[in-house]
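Examination of the molecular architecture
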Amino acid sequence: MTKRIRRPFETGLSRRQLLKAAGSTAALLAAAKLNFPAGAFAQDSGPEVKGAKLGFIALSDAGPLFVAKDKGLFAKYGVPDVDVQKQASWGTTRDNLVLGSEGNGIDGAHILTPMPYLISAGKVTQNNQPTPMYILARLNLDAQCISVAKEYADLKLGTDAAPFKAALEKKKASGKAVKAAMTFPGGTHDLWIRYWLAAGGIDPDKDIETIVVPPPQMVANMKVGTMDCFCVGEPWNLQLVHQDIGYTAVNTGEIWNKHPEKSFGMRAAFVDKYPKATKAILMAVLEAQQWADKAENKQELATIMAKRQWINCPVEDVYDRTAGKFDYGNGKVVENSPHIMKYWRDHASYPFQSHDLWFLTEDIRWGKYEANFDTKALIAKVNREDMWRDAAKTLGVAAAEIPTSTSRGKETFFDGKVFDPENPAAYLKSLAIKRVEV
């Protein structure tokens, strides 16, 4: 009996079945190309693994991860098993990153930009053990907010926090505690509220107590009087306004226009072991950022973000500010705000190394690192803008949308302070309130 040998590429399907399957595949790819301009993607040998575990906190700047999962972009780039998991707090995110997916943790996350540095340097980990991480992309610019309790409505606070100082001193004199809430020590929200307070002459370590509160718990804590002010991302500032518990004093874009905020970070161990899978994941995130930034997609974006598995809030708590309308809750309403959250425009996705240097410099200012800490060496290890460039080029991103330098140059803040990446010591020296001598 002669043994039948199957020819190469023979599938066992009939010609009709093959044509039908081919037609379906072509239709799917055509749809993908129509909805997402970069089109379909295939690597020579494909990703080494089909997925990864990514963490997120319920905030609108995690929107690109929600979009990439909901709209099938991870699947499109060959990593359909990417699991996007809600984290209870930034502390939980850190702990799960240290564990890694092998230890029932996560491989990467939507994360406060300073955290991959603090984790890599062992500054916020158990027994100060470093867990090397990479920043692969920035997720957004602008649109965090500092909100204050309704009891300070008469102050109508804005960028100038100076009037707040006398009110806090009066409250303390009556025997009551005064507290400012942020989301993680040394993280972005901690640094924004510290900058704002210090610029107004309020020492964030001496004149007010800073406390840590997870983003989704901010409004409930303000409602019961836990804090006098807080800094967090959306939708929690708008929800505070909707519940008439307080008002927005300042959009952080008013403190530093087009400032960097969250990043997409992954464990170095995962990236080094699975570079192709990492690139596929990164490309899905970049394409989701492009989609999320388009005005015609804002309503759908808000609907996606409000879903139970993501932020889990009413759509009206997230839509207005997603679309650029900022009702501060104190009579001030800004339509088409220049400080709308940017996911892609203005090089929002590219992780400028100069921006990472500012975060490290501010964390030196407040004592998170030693005064002589080698910031440039750590940035060289953590910031993987080279991987961003590679992913962007494969996506077909226009040359004009890819920065030519790793530095955005000098940055000017609302109070006139200037951060020159070439001379961070001069910036530190110019600041009146700090924990470090320069």
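Data block above holds the structure.
Residues numbered from 1 in each chain as written. Predicted model: local features only at pLDDT ≥ 70, side-chain atom pairs only at ≥ 80, totals over all residues. Heavy atoms only, no water.

Remarks on the sheet that holds strand β9 (residues 246–251)
A sheet is described by the order of its strands in space; here five strands give the open sequence β7-β6-β8-β5-β9, paired in mixed fashion. With one partner strand each, in any of the chains shown, β7 (209–212) and β9 form the two edges of the open sheet. In this sheet, neighbouring strand axes are inclined to one another by 25 degrees on average, regardless of whether the strands run parallel or antiparallel. As judged from the two bridges shared by strand β6 (residues 179–182) and strand β8 (residues 229–232), these two strands associate in the parallel manner. What sits directly across from A180, in β8, is C229. (Pairing = 2+ DSSP bridges. Helix = DSSP H or I, 4+ residues; strand = E, 2+ residues; numbered from the N terminus. Axes fitted to C-alpha atoms, helices over the stretch in contact; angles between N-to-C directions.)

Here we look at the pattern of salt bridges
Under the definition given, this model contains 25 salt bridges. We note a salt bridge from D142 to K342, for which the minimum N-O separation is 2.8 Å. With D142 in the loop between β4 (133–138) and β5 (145–149) and K342 in the loop between β12 (333–334) and α15 (353–365), this pair connects stretches of sequence that are 200 residues apart. With relative accessibility at 0%, the residue D142 sits in the buried group. What makes K342 buried here is its relative accessible area of 2%. Among the salt bridges present, the one from R435 reaches D205, with a minimum N-O distance of 2.7 Å. In this pair, R435 is assigned in the segment after α18 (424–430) and D205 in the loop between α7 (188–199) and β7, connecting sequence segments 230 residues apart. (Salt bridge = Lys/Arg side-chain N within 4 Å of Asp/Glu carboxyl O. Buried < 20%, exposed > 50% of the residue type's maximum accessible area, 1.4 Å probe, protein only.)

Comments concerning unusual backbone geometry
The peptide bond linking E234 to P235 adopts the cis configuration, its omega dihedral lying at 15 degrees. The topology assignment puts P235 in the loop between β8 and α9 (236–242). With phi around 70 degrees, A143 is a residue other than glycine that occupies positive phi space. Assignment of secondary structure puts A143 in the loop between β4 and β5. For K258, which is not glycine, the phi dihedral falls at a positive 60 degrees. Residue placement: K258 occurs in the loop between α10 (252–255) and β10 (262–267). Judged by relative accessible area, K258 falls into the partly exposed class, the value being 30%.

Digging into the nonpolar core
F74, F164, W196, F264, I281 and W358 are the most contacted members of the largest nonpolar core, which has 134 residues in total. Sort the elements by how many residues they give to this core and helix α12 (residues 275–292) lands first, with 11 residues. Domain assignment of the residues forming this core places at least three in each of domain 1 (53–141 + 260–402) and domain 2 (144–254). Residues in contact with F164, not counting those within four places in the same chain, are V148, Y152, L155, L157, W196, L197, I202, D228 and C229. (Core = buried A, V, L, I, M, F, W, Y, C linked by side-chain atoms within 4.5 Å. Domains from an automatic or database assignment. Contact = heavy atoms within 4.5 Å.)

Remarks on the packing of aromatic side chains
Pairs of aromatic rings are described using the distance from one ring centre to the other and the angle between the two planes. Tallying each qualifying case throughout the model produces 21 aromatic pairs. On the numbers, 5.9 Å between centres and 45 degrees between planes, the contact of F164 with W196 is tilted. Taken together, the residues span a long stretch of sequence, with F164 in helix α6 (residues 162–173) and W196 in helix α7 at a distance of 32 residues. Ring geometry for W358 and F413: centres 5.6 Å apart, planes at 25 degrees, overall stacked. Here the residue W358 occupies a position in helix α15, and F413 occupies one in the loop between β13 (411–412) and β14 (418–419), the gap between them amounting to 55 residues. One aromatic cluster is present, formed by W192, Y195, W256, W358, F359, F413, F414, F419 and Y427 through successive ring pairs. Across from the ring centre of W366, 5.0 Å away, lies the NZ or CZ of R194, which sits over that ring. Positioned above the aromatic ring of Y328 is the side chain of K332, whose terminal nitrogen or guanidinium carbon lies 4.2 Å from the ring centre. (Phe/Tyr/Trp six-rings, centres within 6.5 Å; stacked < 30°, edge-to-face > 60°. Lys NZ or Arg CZ within 6 Å of the ring centre and 35° of its normal.)

Let's talk about the sheet that holds strand β3 (residues 108–112)
In space, the five strands of this open sheet follow the order β2-β1-β3-β10-β4, with mixed pairing throughout. Bordering the open sheet on either side are β2 (83–86) and β4, each of which pairs with just one other strand. Sheet twist, expressed as the average angle between the axes of neighbouring strands with direction ignored, equals 30 degrees. Where strand β1 (residues 53–56) meets β2, four bridges bridge the pair, whose relative direction is parallel. Residue pairing for β2: L54 is matched across the bridge by V84. With respect to the sheet, helix α4 (residues 90–99) is in contact with β3, β4 and β10, its orientation differing from that of β3 by roughly 145 degrees.

So, the side chain of T252
Position of T252 among the secondary structure elements: in helix α10. For T252, a relative accessible area of 0% gives the class buried.

Remarks on the environment of L136
With respect to the helices and strands, L136 occurs in strand β4. Residue L136 is classed as buried on the basis of its relative accessible area, which comes to 0%. Distance in space between the C-alpha atoms of L136 and V271 is 9.7 Å, their sequence separation being 135 residues. Aside from chain neighbours lying at most four places away, what touches L136 is F264, M266, V271, T278, L282, P351, R384, M387 and W388.

A few points about the environment of F230
Of note, F230 is situated in strand β8. Once the C-alpha coordinates of F230 and I211 are considered, the two residues, 19 residues apart in sequence, prove to be 9.2 Å apart. The contact partners of F230, leaving out residues within four places of it in the chain, are C145, I146, S147, A181, I193, M218, M222, W236, N237 and L240.

Some words on the pairing of β4
Among the six residues of β4, six are classified as buried, and the element is accordingly described as predominantly covered. Bridging between β4 and β10 involves five bridges; their strand directions are antiparallel. From the neighbouring strand, R138 faces β10, where its bridge partner is S263.

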